[in-house]
Amino acid sequence: MNSMPTVLPTYAIDQSEVLHVDAAGTRSAATKGQTPITTVRPMVTKQPTGEVTQPVKIRAKNVDFFYGDNQVLHNVSLDIPEKSVTAFIGPSGCGKSTFLRMLNRMNDIIDGTRHTGDVLLEGSDVYAPSVDVVLLRKRVGMVFQKSTPFPKSIFENIAYGPRVAGLRNKAKLNEIVETSLKRAALWDEVKDRLNGSAMALSGGQQQRLCIARTLATDPDVVLMDEPASALDPASTARVEDLIFELKKNYTIVIVTHNMQQAARVSQRTAFFFQGVLVETGDTRALFTNPTEKQTEDYITGRFG
């Protein structure tokens, strides 16, 4: 008896037209936004290896992490390529946000934490005693789940980081504010009210403002911890479009519970479960032909 093919949900990988493939192999056009679509899992002779073929920006090697006596990451090794988007997926409490915060030492502010293993930024250990954590976080910026504009003007929100770094030249500050807002796709919406309160912006605008504020310090890497989870669909789409554009100039790492979002914006995906990095690889390969059964179970909704 012939066995039925394994059917996995497949998510639109980019914003171009995608195809619907039914169980009989019939292909039909699907318009943008029709996700998930269903496709027959392809038969392949070579499984994705998870190896990064482009230059590596961040490399983690054999990382364990502890909150007190509680170990939450177990022997995580992962390469993150430069000028691309890497998505971390997995159920709540699996360690993906903890690992994200390790990349710019945000966990240092929590008492009783410790780690073993190495986290390297362009080959340099970010946990070396000589590392200036303030400068590290300038190079590896972070955007949080909840938008956190300062109770200041739009201009002062963006200028804050450069001012803290010692910049006082007004013309240069004006240039940085304009450039950052343009990169965050917000300039046209706020250019006539830069002295107005940032708190008056909509939720989606506030999140893009926070992204612009991060870009103002000229980082190499931008970390995003569920940046669109509190936004409406239209605002989420704007943030996703922005992420797609930013990868041309920045290395972006995003934590998301939304697998469709991971599929839309990322080139590589890492699946975490119970503190273990189960599988990592090309996003398209991981979503259509995962190597590990745990990954397949998660993306098909069997748990999580």
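Residues numbered from 1 in each chain as written. Predicted model: local features only at pLDDT ≥ 70, side-chain atom pairs only at ≥ 80, totals over all residues. Heavy atoms only, no water.

Visitor: Pulling in residues and values, what's your account of the overall build of the protein chain?
Guide: A count of helices and strands for the protein chain gives 10 helices and 14 strands. Per-residue burial over the protein chain gives 49% buried out of 304 residues. Sequence separation of 24 or more characterises 67% of the internal contacts of the protein chain that already satisfy a separation of 6 or more. Surface summary for the protein chain: the accessible area is close to 14900 Å², and the carbon and sulfur share equals 50%. (Helix = DSSP H or I, 4+ residues; strand = E, 2+ residues; numbered from the N terminus. Buried < 20%, exposed > 50% of the residue type's maximum accessible area, 1.4 Å probe, protein only. Contact = heavy atoms within 4.5 Å. Areas by Shrake-Rupley, 256 points an atom, 1.4 Å probe, with all protein chains shown as cover.)

Visitor: Which residues make up the confidence of the model for the protein chain, and what are the values?
Guide: Interpreting fine coordinate detail is not advised for predicted regions of low pLDDT. Taken residue by residue, the protein chain gives an average pLDDT of 85. The fraction at 70 or more is 83%. Ignoring residues within four places in sequence, the model shows residues 1–7, a span with pLDDT below 50, making seven contacts including any to other chains. Counted against residues more than four places away or in other chains, residues 10–49, with its pLDDT under 50, gives 76 contacts. (pLDDT = per-residue confidence, 0-100.)

Visitor: Provide a residue-level description of the pairing of strand β11 (residues 221–225), including the pertinent values.
Guide: Of all five residues that make up β11, five are buried, and the element is covered over most of its length. Of the two faces of β11, the one lined by Val221, Leu223 and Asp225 and the one lined by Val222 and Met224 are each fully buried. As judged from the four bridges shared by strand β10 (residues 140–143) and β11, these two strands associate in the parallel manner. Counted as the bridge partner of Gly141 is Val222 from β11. As judged from the five bridges shared by β11 and strand β12 (residues 251–255), these two strands associate in the parallel manner. Paired with Val222 across the bridge in β12 is Ile252. This β-α-β element, β11 to helix α7 (residues 233–246) to β12, shows right-handed connectivity. (Pairing = 2+ DSSP bridges. Right-handed = clockwise from strand over helix to strand, strands pointing away.)

Visitor: Could you give an account of helix α6 (residues 203–215), with specific residues and numbers?
Guide: In this model α6 runs 19 Å from its N-terminal to its C-terminal C-alpha over 13 residues, within 8% of the 18 Å that 1.5 Å per residue would give. With 12 of 13 residues buried, α6 is to be regarded as a mostly interior element. Listing the buried residues of α6 in full gives Gly204, Gln205, Gln206, Gln207, Arg208, Leu209, Cys210, Ile211, Ala212, Arg213, Thr214 and Leu215. Summarising the contacts, the buried residues of α6 are in contact with β10, α3 (154–164), α4 (170–183), α5 (187–190), β11 and α7. (Expected span 1.5 Å × (residues − 1).)

Visitor: Which residues make up the packing of aromatic side chains, and what values go with them?
Guide: In this structure the tally under the stated criterion is six aromatic pairs. Relative to Tyr67, the ring of Phe65 lies with its centre 5.2 Å away and its plane at 80°, an arrangement referred to as edge-to-face. The class for Phe65 is buried, based on a relative accessible area of 3%. A ring pair is formed by Phe99 and Phe272, whose centres lie 5.8 Å apart and whose planes are at 40°; its orientation type is tilted. With Phe99 in helix α1 (residues 96–102) and Phe272 in strand β13 (residues 268–273), this residue pair connects regions lying 173 residues apart in the sequence. The class for Phe272 is buried, based on a relative accessible area of 0%. These aromatic residues form a ring-pair network of at least three members: Phe88, Phe99 and Phe272. Positioned above the aromatic ring of Phe66, the side-chain terminus of Arg114 is 4.0 Å from the ring centre. Directly above the aromatic system of Phe150 lies the positively charged group of Arg213, at a separation of 4.0 Å from the ring centroid. (Phe/Tyr/Trp six-rings, centres within 6.5 Å; stacked < 30°, edge-to-face > 60°. Lys NZ or Arg CZ within 6 Å of the ring centre and 35° of its normal.)

Visitor: Before we move on, can you summarise the packing of α3 against α6 with the specific residues and values?
Guide: Running from N to C, α3 and α6 point in directions that differ by 35°, and their axes come no closer than 7 Å. Both α3 and α6 take part in a crossing whose hand is right-handed. For the pair formed by α3 and α6, the contact residues are Ile154, Asn157 and Ile158 on the first element and Leu209, Ala212 and Arg213 on the second. Here the residues of the contact of α3 with α6 sort into four nonpolar, one polar and one charged. (Axes fitted to C-alpha atoms, helices over the stretch in contact; angles between N-to-C directions. Left-handed = near helix turned anticlockwise from the far one by under 90°. Nonpolar A, V, L, I, M, F, W, Y, C, P; charged D, E, K, R; others polar.)

Visitor: Let's hear about the nonpolar core: which residues, and what values?
Guide: Core analysis: the largest hydrophobic core is formed by 46 residues, its most contacted members being Leu181 and Met224. If sequence neighbours within four positions are ignored, Met224 has contacts with Leu100, Val143, Ile211, Ile243, Leu246, Ile252, Val253, Ile254 and Val255. Core analysis: the next-biggest nonpolar cluster, separate from the first, contains 30 residues, Val76, Leu103, Tyr127 and Val255 among them. (Core = buried A, V, L, I, M, F, W, Y, C linked by side-chain atoms within 4.5 Å.)

Visitor: Describe the environment of Val190, with residues and values.
Guide: Examined against the element boundaries, Val190 turns out to sit in helix α5. For Val190 and Gln205, which are 15 residues apart along the polypeptide, the C-alpha to C-alpha distance reads 9.2 Å. Setting aside residues up to four positions removed in sequence, Val190 forms contacts with Ile154, Leu181 and Leu201.

Visitor: Account for the side chain of Glu279, naming residues and giving values.
Guide: Along the chain, Glu279 falls in strand β14 (residues 276–282). With a relative accessible area of 6%, Glu279 lands in the buried category. A distance of 2.7 Å separates the side chain of Glu279 from the backbone nitrogen of Thr291, its partner in a polar contact. (Polar contact = N/O pair within 3.5 Å; in protein donor to acceptor, adjacent residues only side chain to side chain.)

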